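Topology and contacts: notes
Take a look at the letters that make up each chain.
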Amino acid sequence: MTNLWSWITTVDHKRIGVMYFLTSLFFFFVGGIEALVIRVQLWKAEQALISAELYNQLFTMHGTTMVFMVAMPMAVAFFNYVVPLQIGARDVAFPRLNALSYWIFLFGSLFMNASWFVGSAPNTSWVGYANLTSLQFSPGPNVDFWVIGLSIVGIASILGGVNFITTIVNLRAPGMKFMRMPLFTWMTFVTSFVLVTAIPVIAVALILLAFDRFFDANFYVTAAGGDPILWQHLFWLFGHPEVYILILPSFGMISDVIPAFSRKPLFGYPVVVYAGVLIGFIGWGVWSHHMFTSGLGPIADSFFVASTMIIAIPTGVKIFNWLATMWGGSIRFTTAMLFSIGLVAVFTIGGLSGVMHASAPVDLQQHDTYFVVAHFHYVIVGGVMMGLFAGFYYWFPKVTGRMPDETLGKIHFWLALIGFNLLFFPMHFSGIYGMPRRTWTYSAELNVELWNQLSTVGGFIFGAAAVVWAWNMIRSARSGAPAGPNPWGAATLEWSIPSPPHHYNFPSLPVVRTREPLWHEEERREVEAVTLAEPEREPEMPRPSFWPILVAAGATLTWALVMTGIWWVPLTGLAFTGFAIFMWAFENPFGKKAGAHHG
Amino acid sequence: MPLLLAACGSEYPQSSIDPKTDFAEIIHGLYVSVFWWTMVILAVVWILLAYILVRFRERPDQPLPRQIRGHLGMEIGWTIGPAIIVVAIAVPTIQAVFATQRGDPDNAMVVEVVGHQFWWEFRYGEAGVVTANELHLPVGRPVSLRLSSADVIHSFWVPQLGGKRDVNPVVRRPEGEEVSATWLHFTIREPGVYMGQCAEFCGESHSLMGMRVVAESEEQFQAWLTDMGGSAAASGEPAAAAAPDTSAVPDTTAAADTVPAGGDTTAAAPASDTAAGPPAGQPAPAAPAGEPQAGDALVTEGRDVFLRSTCVACHAIGGTSAQGQVGPNLTLLGRRSTIASGWMENTPENLERWITSPRSVKPGVLMPGIAEAGGNWPATNLSAEQVGAVAAYLSSLR
Amino acid sequence: MADATAAALHADDHHYTATGLPSWKVGFWTFLGSECLFFGTLISTYMVYKGSSVQGPYPHEILNIPLTSVSTFVLLMSSLAMVLALDGVRRGSKKLAVTWLAVVIVFGSIFLGFQVYEFSHFVHEGLTIPRNVFGSSFFVLTGFHGAHVTVGVVWMTTLLVLALRGRLPPSKALSVEIAGLYWHFVDIVWIVIFTLIYLIQ
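Computed from a predicted model, the values in this text were never measured in an experiment. (Residues numbered from 1 in each chain as written. Chains lettered and ligands numbered in written order. Predicted model: local features only at pLDDT ≥ 70, side-chain atom pairs only at ≥ 80, totals over all residues.)

For the rest of this paragraph, the subject is the overall build of chain B. The helix and strand inventory of chain B stands at nine helices and twelve strands. The 398 residues of chain B split such that 47% are buried. A fraction of 64% describes how many contacts in chain B between residues 6 or more apart in sequence connect residues 24 or more apart. (Helix = DSSP H or I, 4+ residues; strand = E, 2+ residues; numbered from the N terminus. Buried ≥ 20, exposed ≤ 12 C-beta atoms within 10 Å, placed from the backbone. Contact = placed C-beta atoms within 7 Å.)

Counting 361 residues, the largest nonpolar core has Ala205(A), Ala390(A) and Leu101(C) as the members making the most contacts within it. The element that contributes the greatest number of residues to this core is helix α6 (residues 183-215) of chain A, accounting for 23 residues. Residue contributions to this core reach at least three from each of two domains, namely domain 1 (2-57 + 69-100) and domain 2 (274-398) of chain B. Within the second largest apolar cluster, seven residues are counted, among which are Tyr55(A), Leu58(A), Phe59(A) and Ala121(A). (Core = buried A, V, L, I, M, F, W, Y, C linked by C-beta atoms within 7 Å. Domains from an automatic or database assignment.)

Our next topic: the interface of chain B and chain A. The interface is formed by 81 residues belonging to chain B together with 78 residues belonging to chain A. Along the lines of polarity and charge, the residues of the side of chain B that touches chain A split into 44 nonpolar, 23 polar and 14 charged. (Nonpolar A, V, L, I, M, F, W, Y, C, P; charged D, E, K, R; others polar.)

All names here are of chain B. Here we have three strands laid out as an open sheet, ordered β4-β10-β9, and mixed in their pairing. A single partner strand is all that each edge strand has here, and the edge strands are β4 (134-138) and β9 (192-197). Within this sheet the neighbouring strands show an average axis-to-axis angle of 25°, counted without direction. Sheet strands in contact with helix α4 (residues 218-227) are β4 and β10 (210-216), and its direction is about 135° off that of β4. (Pairing = 2+ DSSP bridges. Axes fitted to C-alpha atoms, helices over the stretch in contact; angles between N-to-C directions.)

Here we take up the interface of chain C and chain A. Counting residues at the interface gives 39 residues for chain C and 40 residues for chain A. Among the secondary structure elements, those contributing two or more residues to the side of chain C that touches chain A are α1 (2-8), α2 (23-48), α6 (133-164) and α7 (173-199) of chain C. Here the element with the most residues in the side of chain C that touches chain A is α2(C); it accounts for 13 residues. Counted by class, the side of chain C that touches chain A contains 19 nonpolar, 16 polar and four charged residues.

Note that predicted coordinates carrying low pLDDT should not be read in detail. In this model, chain A carries a mean pLDDT of 96, and residues with pLDDT of at least 70 account for 98%. Considering only residues more than four positions removed or in separate chains, one finds that residues 593-599 of chain A, a stretch of pLDDT under 50, has 13 contacts. (pLDDT = per-residue confidence, 0-100.)

Note the cis peptide between Ala130(A) and Asn131(A), where omega equals 0°. Considering the arrangement of structural elements, one finds Asn131(A) in the loop between α4 (95-117) and α5 (142-170). Located in the positive-phi region is Arg438(A), a residue other than glycine, with phi close to 60°. Tracing the backbone shows Arg438(A) in the loop between α13 (406-432) and α14 (449-479). Backbone geometry at Ser341(B) places phi at a positive 45°, although glycine is not the residue there. For Ser341(B), the location among the structural elements is in the loop between β11 (338-339) and β12 (344-345).

Okay, the environment of Ser15(B) next. All names here are of chain B. By the element assignment, Ser15 lies in the loop between α1 (2-7) and α2 (22-55). Given 23 C-beta atoms within 10 Å, Ser15 falls into the buried group. Spatially, the C-alpha atom of Ser15 lies 37 Å from that of Ala373, the residues being 358 residues apart in sequence.

If you want it as structure tokens, here you go:
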């Protein structure tokens, strides 16, 4: 079935993964266009091509979109598609919950972007500091859209985290001990824990702000004793783990790609795993390095200097392990491998400018300038996105059954690498020379016009790379060379089944004995005897369900109705959501008589 | 590389690698050392990577590489190595954190900085002087800036004076006056005019919330304080006569018709016309020789329009009946090199433009124009001629 | 050992788990972890703002410890009833299951009744969300807790109806166990709230 209804009711992790990917790809272009308008406005000093208000909306939505509607869901697309295949599972632990997460993400994102159509997109930056976001200083609906949209999208992440933790704990194939799992699955596991613990914090921060705005609460109202610094603490308690949520999946992806195209196993597998776990943990202890200018005092500042410097160490260890994996190997420069190498080279720059920021007094010059903008784009675009591109080219054959075009892939890579560096490297200079961030325009006296112009040109080159990427996707999916189960000769379980997989993934569950099942000849034969067999009877899979999209619609509606400001109106949405949850609870996912199977 | 960049410092008036204070120098020194450490690490990683990509590329008919899974010694090595570098960076960092946040409570001159949307207020408590957007400070004396906001979070940043510090709104506390102010401490080494701007997104015109810091000799500073109507006696310095300007105050950022601080000729000046002006015996500050004399009649008319209009609801001018506290203090406005918080040169034309329509310069500003309401005030409805007169009056305030 | 497990699997088995634990339990514990962070943040906010209210009513003036102790006790007893309800389901006793589930519902509702009374009394005394940071943080924290209890009561009522219809046999004990996990969690959160807000002032 490929009709619309089948997509709306699907609970298949592979389809949900594709939906996540295509949706995040759409928002990638939305966020990219927002960025290019920004870059054009910044082409000349003291220029006013667009109004300050529109500019503030653009950079707010660019950041919010790229973090919450692109980087996170695109990683989730890979969690969805790849993790069950890597651990030898037929689907995730809670397929309908999985669908729910997607629909909530979609509706929440659409809701926030609907604000464009009423000319009131969020405009207080992606970090939304109080008390600028209070009713007093932001009386319009812009901040309401932001608070509500982000709250909705957050729910999707928590539910997804629960789903993937359960999946990885409980649905590993026989013999797949934790220390035999592919690195990408490991990083998904760690990321899911960070998601499940960090998102509730920003949920509360947003709830407090919502109560201030809709019900006159005093959480960030200074006249009543509320402290805007509380927002900063809550936001960054979430915000810093959030950046590890962003990067760990990409680290996981290249940890699978690099061994595949070096024809050697990952060097220091346990160390890379523990480094990831450690990063997940320590990531909770560094948040106030975003607040070095807030006046926390020397003792607090010093603590966060120390913790932030410490977290650089496991990150560096991973880089060395990737280098050691390639060392002595037989390196094949597929597009996936190029992007992985690109990540190692470019993320290092971003990580090192991060070390500079970790030195608090130095950060007092760099914070809130284009130097920081350079830093985080190096780690997010050069790190997160490069990893996602690597994962894309790597798993493309598995998803589509066709090989990605390597020539177009290389063009994508080089255009992206050149464009990206031209776009963001000059920002180190404009930042050092005094250009703050979030500025609609800048004085000609600053003399930073040249750096801005270089960035703008780089931005368009990077945009061209994105177009090449999209074109490659379409073309290769349609007419790429057919791919077998394991076109790369890779080691892990997802490469033991056909491309694309049957809807049930595995006819029966294989037994795993090592970390690289397909690289040990005897094990490979045993596994493929199971995974490539055609079963007499197809395994029973959960049936499609209409309730996830309805619950998602109900939840979105409930939150959106909060904007009416009338306390009982959202309750109607809640009632509808409750009804849909009930129907879901009593639905039998396998379609037998209701109540006969507990699922 | 940072030295190379620093050499270009004079071309970059808001450069963060052109330190002019002890505070900025500590930061700069730390930055240079951290920079070189990071370059070392970058070089190691990139050189290794480059070597790997060349040496270990796939060759035809290559056998399977040795399947090495790890090496404990290397893991320890590349954990300890970076850890040592981290300590080498962290120790001086933490020392600098404490050193730069100590201040000098016994000797420092405290200036209160109040952030507003979208301008800066400066209050010299001891001397009783209030001004806006142009901060005068003495060279060679410890200064402590006490920062607080009247509305949202701003950030005070003059890169050549050192790092930035957020300007937080005052949180009301149950008992009394514990105010959540933040601080910056520094001693300026070199006279000059330094550029800065707000560095925490604060609303529509955040990017236009600039400022200038005029760092001048102690004598010039005292003279300025006195001219502003302050009592220099509070700081123990004798009230300085308006002495000839021997130490140049380089005016690198303002345009040709900017008035250097501290004029030295006496002339009838309409700036202060009540007893609240400078103490008797002080020569009244005046337009330096060579400046075209603004027509007395136009200036007088401008003063009358100003004092009669809603201007006085927000603005104060020392020595007049205008004592509004809501907006920037305009005492000696004519001497400032810029207006609109550093965004425009201080010329009569720009003043007229501003008074006519502030929002055309700074969207979101709370000041009304002649045909647009602003803040809580209706349009001022001044005629173009009246605007010209007011601009002439304000320009004459030297 | 792994081979035996493999041999035990057949093509359509969807009960396989790597740990032997039901996935619902693993997932629900994870969800409770996120709820810990959720309530932890709300409670921390309350604690941060303790003593910060610029005007009254203040906690010591308005919180009624004796009264709230009673409602706390009722909620605690409801957790005991929950344990007994689960035991009843496991043993296949419809009577026990129905009885004790009903007790959970009644006690939970009594707790909610106390909350409603307390809230309206406070409002009458002038403590509202806008009044001061105490009002804001108190009502949001206890309000969200009360909402969680309400969801729990609805959940238990659903189980009660199922039990009455004979659709809660021992094979369905897991869903009651999970409901019990939720209920106990909500109870524990209340103990923390009661201790930090009412008892320690």
